[in-house]
Amino acid sequence: MPSSRSSQRRSAGFRPRAQARKVGAVRRSQLVTTYGVGAMIAIENESYIVAGLDSWNVDEAPEIFERRLARILGVTSFRLPPAPDPDRGIDGVRIRRFPEFYSCPRCGLLQRFRDFGVRPGQRAQCPECVEDLVPSRFVLACDDGHIEDFPYWKWVHRGQSSGACNGELRLRMDGGSASLKSVVVSCSCGVPEVSMEGAFRVKALIDLRIRCSGKRPWLRDAETQDCQRNPRAMQRGSSSAWNPVMRSALSIPPWGEGINALIERERLVGAPPETVRWHFQQRPHLLRRVGATVDDVLAQLRLIQEANDTPIPGPIEAHAVLRNEEYDRLCRGNPERHAADQQPFVCERPEGDLDQLREFGLDGSMLVKRLREVRALEGFTRGVPPLEAEPDQRLAELHLSPEIDWLPAIEVNGEGVFLRLDEDRLREWEVEPKVVERVERMRRNHLAVLQERRGADEGRAATSPVSPRFVLLHTLAHVLINEWSLDGGYPASALRERLYASDRMAGILIYTATSDSAGSLGGIVAQGDPERLAATMESALTRASWCSNDPLCVESAASGVDSVNMAACHACVLLPETSCEWNNSFMDRVMLVGTPSGEVSGFFRSV
């Protein structure tokens, strides 16, 4: 079995269920982040949807263990997506053709792919024109993840009863533009041809009595669900057609190191004592590596069983517990005691004078010289991006099998710097009336968005994480990532933030994490040196005090997607989406440096 690092770099082949041939390949990590279950992928001139987990062959796929995250998500372990091995008869990830409708760019014939008569293994071409077929550009999807072909027949016939026409549909481009008005659909029965203009308006679909059919084409033998959501038309390649819901956790003590790492690797959780004793009688060298006895292992197994018997809190509370545990460990540190494969988390205090950091309102910093993060795909949504403020949102299923007790995941290794703000100073600043008033506007905008997306039938009060503390920490993380991308040797897209913001937490972890050793070369840890960090803070705050889009940026009352930002734009604090936990939302430079007039004081301006 290959190691998790080397195997993660291997590609995972796509195989459609109806054919025994490999049609494409992507990186294994992309099957968690980009092309996961339910996502559409274009391969040459064809389009497919990634099939559910119950069709994946994971017999040879490496397991990933992260007990804290697995318990919250209700699974036993995680798996890297499988890689194909034709010599051993192991296939990769299966895909299914979707959408079903294709068109010929020459004659314009628009119909289901099977009606073109393309034989298995042959190139997808129109038999009359010998032109490559084009998958339907449009699909119909709802926020609960259901997806289906766009109802071209209903769109053209405008309310006629089904079965009233046996004509052929044709699609053509009218004019040189690529606008929806230029995409024209017609029927040979003689009804007036119509363009696709207006198809993206939900009201237009409602007026034609087009409803969500509850289809889940990525799941084998899945029955249609009763769905009350209003569907919307989407571009097949739109980023909103598949929004992964990722959950992640850092591997912190005691899990993942020493005896606990040994227990997980040897799959001893739940094993009877006699089996455990026999296991180590056959492999005594395993105990010597961690300096433990069989009795130590049995004692730890009892503690694990007690933890498993403890009820799991609700989703929101459960994910808060994960962050609280990580925050406490980051504050305490964890000096190096074992080899890298036995201790994935090393966190130490920096040498040097910390007083210069306190002048900036920081209570200290920690050098995270080694970290491991597990990122798991819990589910997905369509239409609207997932909201971290709603861990209990309805997600589309990844499978229908009760026997699957794992989720697809990747593990990444890296390094970082953890910063903690001065709590006393923070409490004084975050209750200032002008600060509270400014942040309250962002919070109201966010609540309005949540209520609109949730709908009136959900019966739950919307909650928002937006607070002066949260906005301050989030904006600070972004300006530091921008600064370190210039000074630390990594592009901004290679750095990530992890926020710890609550009544008892006020810290940020900025780290780099990759699937190989390149994330642990020391470039970011070096930025945590107190003297260098003080210089970075001064430079970052100076940059944050001015934006090339000022005064429009700093005077903005609402900006960004859904108007949940204020003084934040691409010229000052926005980052690549891979770096931000919150989709570049909930930021305001004014929280750092205040307004030019001094009406609203920034946390760092008064330092």
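Here goes a summary of the coordinates provided.

Parameters and conventions
- Residues numbered from 1 in each chain as written.
- Predicted model: local features only at pLDDT ≥ 70, side-chain atom pairs only at ≥ 80, totals over all residues.
- Heavy atoms only, no water.
- Axes fitted to C-alpha atoms, helices over the stretch in contact; angles between N-to-C directions.
- Helix = DSSP H or I, 4+ residues; strand = E, 2+ residues; numbered from the N terminus.
- Parallel < 35°, antiparallel > 145°, perpendicular 65-115°, else oblique.
- Left-handed = near helix turned anticlockwise from the far one by under 90°.
- Contact = heavy atoms within 4.5 Å.
- Nonpolar A, V, L, I, M, F, W, Y, C, P; charged D, E, K, R; others polar.
- Polar contact = N/O pair within 3.5 Å; in protein donor to acceptor, adjacent residues only side chain to side chain.
- Phe/Tyr/Trp six-rings, centres within 6.5 Å; stacked < 30°, edge-to-face > 60°.
- Buried < 20%, exposed > 50% of the residue type's maximum accessible area, 1.4 Å probe, protein only.
- Pairing = 2+ DSSP bridges.
- Salt bridge = Lys/Arg side-chain N within 4 Å of Asp/Glu carboxyl O.
- Disulfide = S-S within 2.5 Å.
- Core = buried A, V, L, I, M, F, W, Y, C linked by side-chain atoms within 4.5 Å.
- Expected span 1.5 Å × (residues − 1).
- Arc of directions from axis to C-beta.

With their axes 9 Å apart at the nearest point, helix 14 (residues 468-487) and helix 15 (residues 530-544) run at an angle of 115 degrees to one another. On the basis of the axis angle, helix 14 is roughly perpendicular to helix 15. Helix 15 is crossed by helix 14, and the crossing has right-handed handedness. Of the residues in helix 15, those touching helix 14 at L476, V479, L480, E483, W484, L486 and D487 are R532, L533, T536, M537, S539, A540, R543 and A544. When its residues are assigned to classes, the contact of helix 14 with helix 15 shows nine nonpolar, two polar and four charged.

We now examine the side chain of R370. Checked against the element boundaries, R370 lands in strand 19 (residues 362-381). Polar contacts involving the side chain of R370 include one to the main-chain carbonyl oxygen of Q343, which spans 2.8 Å. Excluding its chain neighbours within four sequence positions, the residues that come into contact with R370 are E336, H338, A339, A340, Q343, P344, F345, V346 and G414.

Looking now at the packing of aromatic side chains. Counted by the stated rule, this structure contains 17 aromatic pairs. Aromatic pair W56 and W406: ring centres 6.3 Å apart, planes at 40 degrees, arrangement tilted. Highlighted residues: W56 in the loop between strand 4 (46-50) and strand 5 (63-64) and W406 in strand 20 (residues 406-421), separated in sequence by 350 residues. Like W406, W56 is buried.

A separate point is the pairing of strand 13 (residues 169-173). In terms of strand pairing, strand 9 (residues 109-112) meets strand 13 through two bridges, oriented antiparallel. Paired with L109 across the bridge in strand 13 is R170. When strand 13 meets strand 14 (residues 183-187), the two strands line up antiparallel, connected through five bridges. Following the sheet pairing, L169 is matched in strand 14 by C187.

Ordered in space as 12-11-16, the three strands form an open sheet in which the pairing is antiparallel. Sheet topology places strand 12 (147-149) and strand 16 (232-235) at the edges, where each strand pairs with a single neighbour. Between one strand and the next, the sheet's axes are offset by a mean angle of 40 degrees, whatever the strand orientation. Alignment of strand 11 (residues 138-141) against strand 12, held across three bridges, turns out to be antiparallel. Looking across to strand 12, one finds that A141 is bridged to I147.

On to the pattern of salt bridges, then. Summed over the entire model, instances satisfying the criterion amount to 38 salt bridges. Here E599 and K434 are joined by a salt bridge, their closest N and O atoms 3.4 Å apart. With E599 in the segment after helix 16 (590-593) and K434 in helix 13 (residues 433-454), this residue pair connects regions lying 165 residues apart in the sequence. What emerges from the salt-bridge pattern is a single network uniting R68, E325, E326, E373, R375 and R498.

Turning our attention to the sheet that holds strand 13. The strand order across the open sheet formed by six strands is 10-8-9-13-14-15, and the pairing between neighbours is antiparallel. Every other strand in the sheet has two partners, leaving strand 10 (134-135) and strand 15 (194-195) as the edge strands with one partner each. Across three bridges, strand 8 (residues 101-103) lies against strand 9 in antiparallel orientation. Across the sheet, S103 pairs through a bridge with L110, a residue of strand 9.

Turning to the state of the cysteines, a few remarks are in order. Counted by the stated rule, this structure contains zero disulfides. Unpaired in terms of disulfides, C569 finds its nearest cysteine sulfur in C547, a separation of 3.5 Å. The class of C569 is buried, set by a relative accessible area of 15%.

Moving on: the nonpolar core. Counting residues in hydrophobic clusters, the biggest one holds 66 residues, and the most contacted among them are F78 and F418. No other element matches strand 19, which puts seven residues into this core. Apart from the residues lying within four places of it in its own chain, the contact partners of F78 are P62, E63, I64, E66, L69, A70, L73, V374, A376, L407 and A409. If you look at the next biggest cluster of nonpolar residues, it comprises 59 residues, including F360, L421, L499 and F586.

Turning our eyes to something else, we now look at helix 15. Here helix 15 contains 15 residues, and its C-alpha end-to-end distance of 21 Å stays within 8% of the 21 Å for a straight helix at 1.5 Å per residue. Within helix 15, the full set of buried residues consists of P530, L533, A534, T536, M537, A540, L541 and A544. Each buried residue of helix 15 sits inside an arc of 160 degrees when the element is viewed along its axis, so together they form one side. Opposite the buried face of helix 15, by more than 90 degrees, sit the exposed residues E531, E538 and T542. The inward-facing, buried residues of helix 15 contact helix 11 (355-358), strand 19, strand 20, helix 14 and helix 16.

Residue placement: E66 occurs in the loop between strand 5 and helix 3 (67-73). You can call E66 buried: its relative accessible area is 4%. Taking the C-alpha atoms as reference, E66 lies 9.4 Å from E411; in sequence the two are 345 residues apart. Beyond its immediate sequence surroundings of up to four residues, E66 is in contact with F78, A249, L250, S251, R372 and V374. Only 2.6 Å separates the side chain of E66 from the side chain of S251, close enough to count as a polar contact.

This paragraph deals with the environment of A492. The topology assignment puts A492 in the loop between helix 14 and strand 21 (495-502). Classification of A492 as buried rests on a relative accessible area of 15%. As for A492 and I481, which are separated by 11 residues in sequence, their C-alpha atoms are 6.2 Å apart. Non-local contacts of A492, meaning those with residues more than four positions away in its chain, are made with I481, S485, L575, P576 and S579.

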